[in-house]
Amino acid sequence: PTNEAEVEVFSVPSYACQRRTTLENRNTVLTDALSLLAENAELSAEEGRGVAFRRAAAVLKVLPEPVTDMTQLRGLPCLGEHSLRVIKDILENGASSEVESTKQSERFKALKVLTGIFGVGAKTADRWIREGIHDLQQLKDSRPTLNRAQRAGLEHYDDINQPVSKAEADAIGQVVEEAVAAVLPGAQVTLIGGFRRGKLSGHDVDFLITHPEEGREVGLMPKIVSWLESQGFLLYQKTTRNSYLESEDGPARPCSNMDRFERCFSVFKLSEDEKRRAGQTQSRHASAEDGGRKLWRAVRVDLVVSPISQFAFALLGWTGSKLFERELRRWAGHEKTMSLSSHALYDGTQRTYLRATSEEEIFAHLGLDYIPPSERNA
Ligand code: DGT
Ligand code: MG
């Protein structure tokens, strides 16, 4: 930071993957506002605008001080006209009129409620809104045709929309470990997503599973799922081949091994018993007071299986944040003529795939300083 007219002026590199973004954020009022506009844009199929707001928010997240004056933002990257207007409004008036009116808007509220149903995306929610459906009661009354995921989503709506704590994530981790140990001894389970970045709560729990011997992970997912199902841990599950858009085709997709990369979207049944076994709640016995009280909650859990040869790429790709991932790929493409996915890194200049057995090696290939998970909270 340099001093200029007595206000602190900040200097920030332009890609989020060049920056260290911890969970400590001194500008939450501004970043919450921009994130809400980003969310609204994403829910309205305006992805470009969403990314612009996310990038602007991410820049503010790394500033060492709260912003108090617009002059402090001079020279900062990623702050477009629109984001600057929102920030200015908040600094001058205590709130942004655009953010406030978005929050109040019937459309935004309906989009939030409806996409809060697991299995319902912006498109479906938009169609329902055009049919006059704005809340869960109206949805239920209209007797819509729902797929299996959406039925589970509606049934467990309140649980799924309640944040998952780190303690709950750890309790689920123990169950997943147990499942994996039972069906393939030696296979390894790694907590990924927000919890790996040190977040204390999340909207789901994500795990990456691999085996140190290449090929042993083949067919693993169905076995894990069967075990979990047989023990009554799954309220819903759908196993798919990984189908992340940019890894479908193109140079970041190595032709072998792809079919081994599987993903399971699930809704887990986490009971007090598991939390207790994981040592997180006071030991207590079921009593009369438990009559009628629900002794479990539903939690969204994502499982991914990767062959060990792709493990570092999968780990990096699934740790997030979403913006950090996006920025890594943009950096690779725009600055390095490389193509990065959760499976591989392709060097377009050398026309070859670059191997890596750790995240550190991937950052090195990309010519970036290593950023640990706790500093990827862009
Ligand atoms: P949360 O769960 O809201 O607390 O926050 P995160 O950061 O755990 O977000 P989540 O669970 O949606 O996704 C975890 C990371 O995994 C995210 O940063 C990007 C990555 N990811 C999500 N979906 C896909 C996918 O379909 N394919 C790949 N390759 N990566 C994905
Ligand atoms: Mg997550």
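In what follows, the structure referred to is the one given above.
S.K.: Got a minute to help me understand the pairing of strand 9 (residues 296-305) in this structure?
M.R.: Side-chain positions along a regular strand alternate between the two faces of the sheet. Burial within strand 9 is extensive, with nine of its 10 residues counted as buried. As defined by bridge partners, strand 6 (residues 205-210) adjoins strand 9 across five bridges and the pair is classed as parallel. Among the inter-strand pairings, valine 205 is bridged to a residue of strand 9, identified as valine 301. Both strand 8 (residues 262-271) and strand 9 contribute to a ladder of 10 bridges, which runs antiparallel.

S.K.: Where do I start with the nonpolar core in this structure?
M.R.: In this structure, Leu34, Leu60, Leu63, Leu73, Leu76, Ile117 and Trp128 are the most contacted members of the largest nonpolar core, which totals 38 residues. With seven residues, the single largest contributor to this core is helix 1 (residues 28-43). When sequence neighbours within four positions are dropped, the list of residues in contact with leucine 76 reads Phe10, Ser11, Val12, Val59 and Leu63. Membership of the second largest hydrophobic core comes to 32 residues, among which are Ala171, Val189, Val205 and Cys264.

S.K.: Before we go on, may I ask you to explain the coordination of the magnesium ion (ligand 2) in this structure?
M.R.: A metal bound by six donors in octahedral fashion has ideal angles of 90 or 180 degrees, whereas one bound by four tetrahedral donors has an ideal angle of 109.5 degrees. Looking at the metal site, the magnesium ion (ligand 2) is ligated by Asp204 (OD) and Asp206 (OD), spaced 2.0 to 2.2 Å from it. Aspartate 206 shares its class with aspartate 204; the two are buried.

S.K.: Is there a simple way to think about helix 15 (residues 322-336) in this case?
M.R.: Think of an α-helix as 3.6 residues a turn; residues three or four steps apart then line up on the same face. In a regular helix each residue adds 1.5 Å, so 15 residues correspond to 21 Å; helix 15 covers 20 Å between its end C-alpha atoms and thus fits that length. All buried positions along helix 15 are accounted for by Leu323, Phe324, Glu325, Glu327, Leu328, Trp331 and Ala332. The secondary structure elements touched by the buried residues of helix 15 are helix 2 (47-61), helix 14 (311-319), strand 10 (338-340) and helix 16 (359-365). In the segment just after helix 15, threonine 337 is the residue with positive phi, at about 50 degrees.

S.K.: How should the site of ligand 1 be read in this particular structure?
M.R.: The immediate surroundings of ligand 1 are formed by 16 residues, with Gly194, His203, Asp204, Arg263 and Lys322 found nearest. The separation between an oxygen atom of ligand 1 and a polar side-chain atom of lysine 199 is 2.8 Å. The contact in question runs from an oxygen atom of ligand 1 to an N or O atom on the side chain of lysine 322, over 2.8 Å. When the free accessible area of ligand 1 is taken as 610 Å², the share hidden by the protein chains comes to 86%. Of all the secondary-structure elements, those providing two or more residues to the shell around ligand 1 are helix 11 (193-196) and helix 14. Considered class by class, the residues forming the shell around ligand 1 number two nonpolar, eight polar and six charged.

S.K.: Help me understand the environment of valine 176, please; the structure alone is not making it clear to me.
M.R.: Position of valine 176 relative to the elements: it lies in helix 10 (residues 166-183). Owing to a relative accessible area of 0%, valine 176 belongs among the buried residues under this scheme. Once the C-alpha coordinates of valine 176 and leucine 228 are considered, the two residues, 52 residues apart in sequence, prove to be 8.0 Å apart. Setting aside its immediate chain neighbours within four residues, valine 176 contacts Val189, Phe207, Ile209 and Leu303.

S.K.: Would you mind going over the packing of helix 10 against helix 12 (residues 220-230) with me for this structure?
M.R.: To describe two helices that pack against each other, one gives the angle between their axes and the distance between the axes. It is at 9 Å that the axes of helix 10 and helix 12 come closest, and there the two elements cross at 120 degrees. By the angle class used here, helix 10 and helix 12 are oblique. Viewed along their axes, helix 10 and helix 12 form a crossing whose handedness is right-handed. Contacts between helix 10 and helix 12 pair Val175, Glu178, Ala179, Val180, Ala182 and Val183 from the former with Leu220, Lys223, Ile224, Trp227 and Leu228 from the latter. Taken together, the residues that form the contact of helix 10 with helix 12 break down as nine nonpolar, no polar and two charged.

Definitions and cut-offs
- Residues numbered from 1 in each chain as written.
- Chains lettered and ligands numbered in written order.
- Predicted model: local features only at pLDDT ≥ 70, side-chain atom pairs only at ≥ 80, totals over all residues.
- Heavy atoms only, no water.
- Buried < 20%, exposed > 50% of the residue type's maximum accessible area, 1.4 Å probe, protein only.
- Helix = DSSP H or I, 4+ residues; strand = E, 2+ residues; numbered from the N terminus.
- Pairing = 2+ DSSP bridges.
- Core = buried A, V, L, I, M, F, W, Y, C linked by side-chain atoms within 4.5 Å.
- Contact = heavy atoms within 4.5 Å.
- Donors = N, O, S within 2.8 Å, 3.2 Å for Na, K, Ca; no water.
- Expected span 1.5 Å × (residues − 1).
- Near = heavy atom within 4 Å.
- Polar contact = N/O pair within 3.5 Å; in protein donor to acceptor, adjacent residues only side chain to side chain.
- Areas by Shrake-Rupley, 256 points an atom, 1.4 Å probe, with all protein chains shown as cover.
- Nonpolar A, V, L, I, M, F, W, Y, C, P; charged D, E, K, R; others polar.
- Axes fitted to C-alpha atoms, helices over the stretch in contact; angles between N-to-C directions.
- Parallel < 35°, antiparallel > 145°, perpendicular 65-115°, else oblique.
- Left-handed = near helix turned anticlockwise from the far one by under 90°.

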